[in-house]
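Summary of the model geometry
Each chain, written out:
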Amino acid sequence: MAIDLNPSMAACEKDAKALRFIEEMTSNVGPVQRRVLTEILSRNGGTEYLKRYDLGAGVDVVSAFKAKIPIVTYEDLQSEIQRIANGDRSPILSSHPISEFLTSSGTSAGERKLMPTIQEELDRRQLLYSLLMPVMNLSVPGLDKGKGLYFLFVKSETKTPGGLPARPVLTSYYKSEHFRARPYDPYNVYTSPTEAILCPDSHQSMYVQMLCGLYQRLDVLRVGAVFASGLLRAIRFLQLHHEQLAHDIATGTLTDKIKDRAVRDSVAHLLKPDPELARFISRECSTGDWAGIITRIWPNTRYLDVIVTGAMAQYIPTLEYYSGGKLPMACTMYASSECYFGLNLRPICKPSEVSYTIMPNMCFFEFLPHVGDRKGKAPSHEELVELADVEVGKEYELVITTYSGLCRYHVGDILLVTGFHNKAPQFKFVRRKNVLLSIDSDKTDESELQKAVDAASRVLKRVNATVVEYTSYAEAKTIPGHYVVYFELMMAAATAVNDEVMEECCIEMEEALNAVYRQGRVGEAIGALEIRVVRGGTFEELMDYAISRGASINQYKVPRCVSFTPIMELLDSRVVSKHFSPRCPKFNPSGNHHPDNN
């Protein structure tokens, strides 16, 4: 569908300027990308990393870059990154000083990745943020007449041995002057005070942000968090703490559990006794009926601002339940710790239709055609395609070269080209690469696992139950090995999910998996799929554990496959029942796909 970003339709002159900028960038993809790469190579040509490949100088440096620089992963750069972290200030990757390290979400086993960044990257991130509301205002007018209830959090940062901050990218942004000293914008006002967002204690931060959102409930026009899981965590918080919140609202006081003085001071002006509002909160939250709770508490909400693509897609039914199925879900931007990439020019589209338009000024983009299993063969730079040259309908792996010194860095995202806006390609996020379950020759990626969980969800829906959260692992200790999937369920009152229903879930999941898996099951190379039901709240405990190990509450995503022993021990200690597939799935040896896999 064509996207009309006509500046004459903008809500204000500031928006019109932003829309003109988007049009300029997307109309000149090739020239902008050449300028970006030339700038990066000119700036970083004297770094240790680029000098290693002898690019030379002059007009052919871009050609030399394309011919000589290899595609790399984090592991390839780890020794250089560690030197910088340890305090080496020589120009190793970037000629500009590394100002901090941005950490990956760190939700599974292993150490968090440290992504070096430079001070000016904050300007680029801020630039992309500044484009979001001008686009949104075209779809949802009148947002200057109310506020946004966003649940945003920071994490206490750490220091590398060399003294540089190491923190999640959103913590970096929220602590920056770009966010803290942002000018007033009537189209972008939050209910949460900045002091609450910056509070490192997640409980105090959440409590005050929720309290402010309840006091200002009629002003709220949009509700959001970074990821869908964050918004669901906020709803769960309301379920657990609505009595204390109602008490504080009735009395115009703030619970003594909020110790942070800056946070207490930031809400002092808001606190006033409001018994009528307190009764309303108690009435809505005490019935046990949470269907449509978002629109009941915040009746003027126009949309939910959350990421529901990729691994977050499984939260869509739960968000629909809590919003009464009435609110669109806006996925506004595509970004990572390494770099910010682009934005959704149709933010109110269906989640299944979300495509992101890459902004060519953010970094130099290249794309590796996705060909599945390379059988151990390393990708070649000769295969890379530039941003302007990708083809609609094809899948690519994202490779970036940044101002901060990452050169031809393999991000690990697989993207599908869905179209173009002017000359800028638009991409659907398909999945992270290599998030797999495997027992034999089978390989199940994240999207396939999600499809199988969806099949089980359809069975559970018949008995008024839903999958709140899930993860999995490949159990190789049994002979043969088998897939184990952990489910946390939400059930209607007085509903019991019996063994027969859960066994049906198991077999439906297996029927939904790919032909190689089903062939392995029939050939007894793979054992029966197992579902382990865990008690309510288990995945919140899992998140708390990950946060205690350094994960960011903003960036946390439940790992869809786990292998870290403490995580598996936590999950297994919360299991209330185990269920196995009662039979093998269907498999057609002729090689034709099962109907459900087309």
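What counts and how
Once a new chain begins, its residue numbering starts again from 1 and follows that chain's sequence as written. Reporting of local features is limited, given that this is a predicted model, to residues whose pLDDT is at least 70; pairs of side-chain atoms are given and counted only at 80 or more, and all residues count toward the totals for whole chains, interfaces and linings. Excluded from the side-chain calculations are hydrogens and water; all other atoms, namely the structure's heavy atoms, are used. UniProt positions are given in the numbering used here, feature names are shortened, and annotations may be inferred rather than shown by experiment. Partly exposed residues are those whose accessible area sits between 20% and 50% of the maximum for their type, while under 20% is buried and over 50% is exposed, using a 1.4 Å probe and protein chains only. Comment: elements are numbered from the N terminus, with helices defined as DSSP H or I runs of at least four residues and strands as E runs of at least two. Strand pairing is assigned whenever DSSP identifies at least 2 bridges connecting the two strands. Only the six-membered ring of Trp is used, alongside the rings of Phe and Tyr, when aromatic pairs are assigned; centres must lie within 6.5 Å, and planes under 30 degrees apart are stacked while those over 60 apart are edge-to-face, with the rest tilted. The rule is short: NZ of Lys or CZ of Arg within 6 Å of the ring centre and within 35 degrees of the ring normal puts a charge over the ring. Contacts are residue-level and defined by heavy atoms, with any inter-residue pair within 4.5 Å sufficient. Axes here refer to lines fitted to C-alpha atoms; in helices the fit is confined to the stretch in contact. Angles between the N-to-C directions go from 0 to 180 degrees. Any N or O atom pair separated by 3.5 Å or less is treated as a polar contact, with the protein-specific requirement of one donor-capable and one acceptor-capable atom, and with residues adjacent in sequence counted only for side-chain atom pairs. One number per residue, pLDDT, summarises how confident the predictor is, and it ranges from 0 to 100. Working definition: roughly parallel below 35 degrees, roughly antiparallel above 145 degrees, roughly perpendicular at 65 to 115 degrees, and oblique for all remaining angles. What makes a crossing left-handed is the near helix being turned counterclockwise from the far one by less than a right angle; a clockwise turn instead makes it right-handed. What counts as a salt bridge is simple: a side-chain nitrogen of Lys or Arg found within 4 Å of a carboxyl oxygen of Asp or Glu. Note that the arc is computed from the directions linking the helix axis to the C-beta atoms.

An unreviewed UniProt entry annotates the protein chain as Indole-3-acetic acid-amido synthetase GH3.1 of Acorus calamus. We quote the UniProt Sequence similarities (unreviewed entry) comment for the protein chain here in full: "Belongs to the IAA-amido conjugating enzyme family."

Residues in a regular strand point their side chains to alternate faces of the sheet. Extensive coverage of strand β17 (residues 465-475) is indicated by the burial of 8 of its 11 residues. Linking β17 back to strand β18 (residues 482-491) in an antiparallel pair, the connection comprises 6 residues.

Moving on, we get to the packing of aromatic side chains. Describing an aromatic ring pair means giving the distance of the ring centres and the angle of the ring planes. Here the structure, examined in full by the defined rule, presents 19 aromatic pairs. With a centroid separation of 5.0 Å and 55° between ring planes, the pair formed by tyrosine 174 and phenylalanine 179 is classed as tilted. Judged by relative accessible area, tyrosine 174 falls into the buried class, the value being 5%. Joined through ring pairs, the aromatic side chains of Tyr129, Tyr150, Tyr173, Tyr174, Phe179, Tyr190 and Tyr340 make up one cluster. The lysine or arginine in question, arginine 217, covers the ring of phenylalanine 280, its NZ or CZ lying 3.9 Å from the ring centre.

Our focus in this paragraph is the sheet that holds strand β1 (residues 98-103). Overall, mixed pairing links the 4 strands, which are arranged β2-β1-β5-β4 in an open sheet. What marks the edges here is a single partner per strand, and that holds for β2 (114-118) and β4 (158-159). Bridge count between β1 and β2: 5 bridges; the pairing is antiparallel. Bridge pairing in β2 links isoleucine 98 to isoleucine 118. Its contacts with the sheet place helix α5 (residues 74-85) against β1 and β2, and it is angled at close to 60° to β2.

Attention now moves to the side chain of asparagine 344. Within the secondary structure, asparagine 344 is located in the loop between β10 (340-343) and β11 (356-358). Within the structure, asparagine 344 has its side chain in polar contact with the backbone nitrogen of arginine 346 (distance 2.9 Å). Aside from chain neighbours lying at most four places away, what touches asparagine 344 is Val135, Cys331, Thr332, Cys349, Val354, Ser355 and Tyr356.

On to the confidence of the model for the protein chain. Per-residue confidence for the protein chain gives a mean pLDDT of 89, with 93% of residues at or over 70. Taken as a whole, residues 105-110 scores under 50 in pLDDT and shows 13 contacts with residues more than four places along the chain or in a different chain. Predicted confidence for residues 590-598 stays below pLDDT 50, and this span has 13 contacts to residues more than four positions away or in other chains.

Right, let's get into the sheet that holds β11. With respect to topology, 8 strands assemble into an open sheet ordered β9-β10-β11-β16-β15-β14-β12-β13, the strand pairing being antiparallel. Every interior strand has two partners, whereas the edge strands, β9 (333-335) and β13 (385-386), have only one. Of the pairings in the sheet, the one linking β9 to β10 comprises 3 bridges and is antiparallel in character. When the bridges of β10 are listed, methionine 333 appears paired with leucine 343. Contacts from helix α6 (residues 121-139) reach β9 and β10 within the one sheet, and its direction differs from that of β10 by about 10°.

The next subject is the packing of helix α11 (residues 228-251) against helix α13 (residues 275-286). Two quantities define a packed helix pair, namely the angle between the helix axes and the distance between the axes. Look at α11 against α13: their axes get within 8 Å of each other, and the N-to-C directions meet at 165°. Judged on the interaxial angle alone, α13 and α11 are roughly antiparallel. As α11 packs across α13, the resulting crossing turns out to be left-handed. On the side of α11, the interface is formed by Leu238, His242, Ala246, Ile249 and Ala250, while α13 contributes Pro275, Leu277, Ala278, Ile281, Ser282, Cys285 and Ser286.

Here strand β12 (residues 364-369) lies mainly inside the structure; 5 of its 6 residues are buried. The pairing of β12 with strand β14 (residues 395-401) spans 6 bridges and is classified as antiparallel. Bridging from a neighbouring strand, glutamate 366 pairs with valine 399 of β14.

Here the focus is the pattern of salt bridges. Taken as a whole and assessed by the stated rule, the structure comprises 31 salt bridges. Measuring nitrogen to oxygen at the nearest pair gives 3.2 Å for the salt bridge that ties arginine 35 to glutamate 39. Pair noted here: arginine 35 and glutamate 39 are both in helix α2 (residues 29-44), with a separation of 4 residues, about one helical turn. Its relative accessible area of 36% is what places arginine 35 among the partly exposed residues. With a shortest N-O distance of 2.9 Å, glutamate 120 and arginine 43 are connected by a salt bridge. Of the two residues, glutamate 120 is situated in the loop between β2 and α6 and arginine 43 in helix α2; the sequence distance between them amounts to 77 residues. Shared partners join several salt bridges into a network, and the residues in it are Glu48, Arg52, Glu80, Arg83 and Asp88.

Every buried residue of helix α18 (residues 515-522) is listed here: Tyr517, Arg518, Gly520 and Arg521. Summarising the axial view, the buried residues of α18 lie within an arc of 160°, below the 170-degree limit, and thus occupy one face. Contacts made by the buried residues of α18 are with β18 and α17 (499-512). Backbone geometry just after α18 places glutamate 524 at a positive phi near 65°.

This brings us to the side chain of arginine 532. Mapped onto the secondary structure, arginine 532 falls in strand β19 (residues 530-534). For arginine 532, a relative accessible area of 7% translates into the label buried.

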